[in-house]
Structure formats: structure tokens, C-alpha cells
Amino acid sequence: MKAIRLHHPQSIDALRAAELPDPGEPGPGEVRVRLHATSLNYHDYVVVTGGIPTLDGRIPMSDGAGVVEAVGAGVSAFNVGDSVISVFFPDWRDGRPGEMVQGHVPGDHADGFARQLVVAPAHHFTRAPKGWSHVEVATLPCAALTAWRAVVVEGQVKPGDIVLVQGSGGVSIFALQFAKAMGATVIATSSSGEKLERLKALGADHLINYRDTPNWGMAAMAASGGGVDLVVEVGGAGTMGQSIAAARFGGHIALIGVLAGHVAPLPTTILMMKQLRVTGITVGTHRQQREMIRALEATGIRPVIDATRFTLETLPDAFRHQASGAHFGKIAVEIG
Ligand SMILES: NC(=O)c1ccc[n+]([C@@H]2O[C@H](COP(=O)([O-])OP(=O)(O)OC[C@H]3O[C@@H](n4cnc5c(N)ncnc54)[C@H](OP(=O)(O)O)[C@@H]3O)[C@@H](O)[C@H]2O)c1
């Protein structure tokens, strides 16, 4: 089978095509899946560019979508021909997070989905939304589930709430879509006026260019008439101060990303005085993925995928496209 492997020293140029042996038939409890698509997450970019050290020869990509080709003894969750989707934390089935859930992340601690075939335990997958293309399905395991957890599970957004989303990447656009589906008003930020117009077309109610308006927290406070209920925070250290300014008293900041840095001084007095809640979030559980898929089918939400498409062979170009920041929404890769 064809695959892409990441070699040392880790870099986009160290992604190389490989011919690997067929993984064979599934054992008890396993499924054999023919993969048709994957998608890029910032996490994959950090792995590929060396921010997360991994083994020499690791197969990258945390997200995979495909079709079950064979099922091993004792597998009742899937049948041959089912369209399936990978799970970011295969061992986190349900319940509260614990240290063990962080292990076995595909493309990071274990081989990922930049390949044509995989044999893995059945619980490493869930069913895919009915009627979706493989490319659409492959956008879900990391970005969509993280946004779902931030907005619905931890954020508990309800009609009338005001939600702020940052930028136009994969997580933020799913967060916008989920927040609108829950009946919220959405304030969207972006570095680009053109992207802001596209966010408006997706339902964003208020738009702020964070390059032109460095104190966008106060602008969001003004637009919301007293502060936002939930900030979906993907910038981290470099944006947290503005997020604290944007939040209403008793508001919530769902801390997901660190695009704008890891460490910064924080206005802790304001954090305390406003009685804000900050929740660190890393993706979600097998159960939450199943619940999100049911919600996607019920609401009709479909992923927003960047117009420039890639294949396994052009995966390095997909990462260069991501690094350019030109993308809008998810970057998809077809696996032939
Ligand atoms: N904790 C988790 O489980 C989890 C899961 C998924 C992702 N993440 C993290 O969430 C972040 C976003 O991931 P992603 O996959 O959605 O990335 P992505 O698709 O590559 O999105 C990047 C976008 O973020 C926006 N951005 C960059 N710097 C910004 C800033 N200073 N302020 C506001 N927006 C900014 C830009 O949008 P514009 O071009 O519109 O400005 C950029 O296009 C990353 O840090 C990633 O590691 C964490």
C-alpha cells in the first residue's frame, strides 16, 4: 500500500512517499479499513515541523475516513461496507479526562492515516455521518469534535448566548456553525476582510479584524453590549488578554489552541473580578464523537473545506498551504 512517512529531522521536506506491506486481515476485535481521505489540523502541522517529536518513519495525520473492508471475530459495531471515521483519542471512550487518554494519538504517538489501508481495533473508529463524502467525513475527528466540546459539551451554549470565535481555521468555523445551530449570536474575528465576509455568509453576526483592531476584546465587549458568554480561544497566550476583556462577568473561555504563543502575563485580577471560568479542552471522547455525528445529521451542518484540494502524493504542498495561512476552514486530502 501507498503511505507517507515523516523522517528525521522532522520538517515538511522530510515527508516522503513509501510502499508498505498490506496490513493483512483483522484479528479478533479489529477492522480493516480502506482509507479515502484525511484532513490537516494545526496539530499535524506541529508534528510534521518538529514541535512534537515523534519516531523516525512515523505515518502522520490524526484524521482518517474510509470504508470497512473486513471485520474480525467479535466485532459487532461495524459491517463490511460501512463508512467510518477515526477517533483522536482511541482509548478515551467516555467520562472525565485522565492521563491515559493522551496516549495512542494517531499520527503522533502512533501511526496515523496518511496511508491507503489500516487494521486497528474497532473502537478506534465511529460511524460516519450518513450521505457525506469521505473528504467531508475526514474533517471531523479533531477540529469538529474539539469545537463541539467547547460549544455544546463544556460551553452549554443556549439560544441568546453570545459566542466569540477567533480566525477562520478548522476549529473556529465548526465552532461558529455549532454556536449558530444552538441559537447563539456569534462574533467572529479574522486577520482578513475577505475572510470576514465569508464568515458573515456562514452566519457570523458581528465581525472584527484583529489586525486592524488590536484591542478587539473591547470591540467585542461593545458589540455584545456587556461581554460575551463564551470565547472559543485558539490563540492562547497572545490572545488571552483580549479574550478576558471580551468576556462578560461570569463568562467562560474555552482554551483550545496556542496559535499566538504559549506563555504570557495575564490580567489575573480582571480574570478573578469578572469571575471567569477557563476550561482547557483537548478534543473529546468516543461517545461525544457519536453524539456530534447525530447532531450533524439532525442540523444539516456540513464542513467548510478550503477550495484547494490535495492528494497523498501532494501532502507536503498541503502543509505549505496551511503554513501560508491562505486557507479558509479545513484543508482536505484525498487518498486514492
Ligand atoms: N486542544 C485541542 O484539542 C485542539 C484541537 C484542535 C485544534 N487545536 C488548536 O487550535 C488552534 C487552531 O487549530 P486549527 O486546526 O483550527 O488551525 P487552522 O485550521 O490552521 O487555523 C488557523 C487559523 O487561525 C487563525 N489565527 C491564527 N493566529 C490567530 C490569532 N493570533 N488570533 C486569531 N486567529 C488566529 C487564522 O485565521 P485568519 O486567517 O482568519 O486570521 C488562521 O487561518 C491550534 O493552536 C491547534 O493546535 C487544539
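Criteria and thresholds
Residues numbered from 1 in each chain as written. Predicted model: local features only at pLDDT ≥ 70, side-chain atom pairs only at ≥ 80, totals over all residues. Heavy atoms only, no water. Helix = DSSP H or I, 4+ residues; strand = E, 2+ residues; numbered from the N terminus. Buried < 20%, exposed > 50% of the residue type's maximum accessible area, 1.4 Å probe, protein only. Pairing = 2+ DSSP bridges. Axes fitted to C-alpha atoms, helices over the stretch in contact; angles between N-to-C directions. Core = buried A, V, L, I, M, F, W, Y, C linked by side-chain atoms within 4.5 Å. Domains from an automatic or database assignment. Contact = heavy atoms within 4.5 Å. Right-handed = clockwise from strand over helix to strand, strands pointing away.

Caption draft 1: Structural detail: unusual backbone geometry. The peptide bond linking H8 to P9 adopts the cis configuration, its omega dihedral lying at -10°. Considering the arrangement of structural elements, one finds P9 in the loop between β1 (2-6) and β2 (15-19). Of note in this structure, Q156 is not a glycine but carries a positive phi near 45°. Note on placement: Q156 falls in the loop between α3 (140-154) and β8 (162-166). A positive phi angle, near 55°, is found at Q275, a position not held by glycine. By the secondary structure assignment, Q275 is in the loop between α8 (268-273) and β13 (277-280). A residue is classified by how much of its surface remains accessible, and Q275, at 63% relative accessible area, is exposed.

Caption draft 2: Looking closely at the sheet that holds strand β11 (residues 228-233). Pairing within the open sheet is parallel, and its six strands lie in the order β10-β9-β8-β11-β12-β13. The open sheet has two edge strands, β10 (206-209) and β13, and neither has a second partner. Each strand axis lies, on average, 15° off the axis of its neighbour in the sheet, ignoring direction. When strand β12 (residues 247-255) meets β13, the two strands line up parallel, connected through four bridges. Bridging across to β13, A254 finds its partner in T279.

Caption draft 3: Broad picture of the nonpolar core. Membership of the largest hydrophobic core comes to 54 residues, with the highest contact counts inside it found for L140, V151, V163, V165, F178, L199 and M292. Elements that contribute at least two residues to this core include exactly α2 (134-137), α3, β8, α4 (170-181), β9 (185-190), α5 (193-201), β11 and α9 (286-299). Examining the composition of this core, we find that 10 residues originate from one element, α3, more than from any other. Taken domain by domain, this core gets at least three of its residues from each of domain 1 (2-139 + 305-334) and domain 2 (144-280). If we ignore the near neighbours within four places in the chain, the residues touching F178 are A144, A147, W148, V151, M292, L296 and I301. Counting residues in hydrophobic clusters, the runner-up holds 37 residues, among them A3, I4, L6 and F319.

Caption draft 4: Representation of the pairing of β12 in the model. Inspection of the sheet shows β11 paired to β12 by five bridges, in the parallel sense. Along β12, the bridge assignment pairs V228 with A247. In terms of handedness, the path from β11 via helix α7 (residues 237-246) over to β12 forms a crossover that is right-handed. The parallel pair β12 and β13 is bridged by α8, and the resulting crossover is right-handed.

Caption draft 5: How the structure looks around helix α10 (residues 315-324). Of all the residues in α10, the buried ones are L315, P316, A318, F319, H321 and Q322. Residues of α10 that are buried sit in contact with β1, β2, β3 (30-40), α1 (42-48), β14 (310-311) and β15 (331-334). After α10 finishes, the residue G325 shows a positive phi value of roughly 75°.

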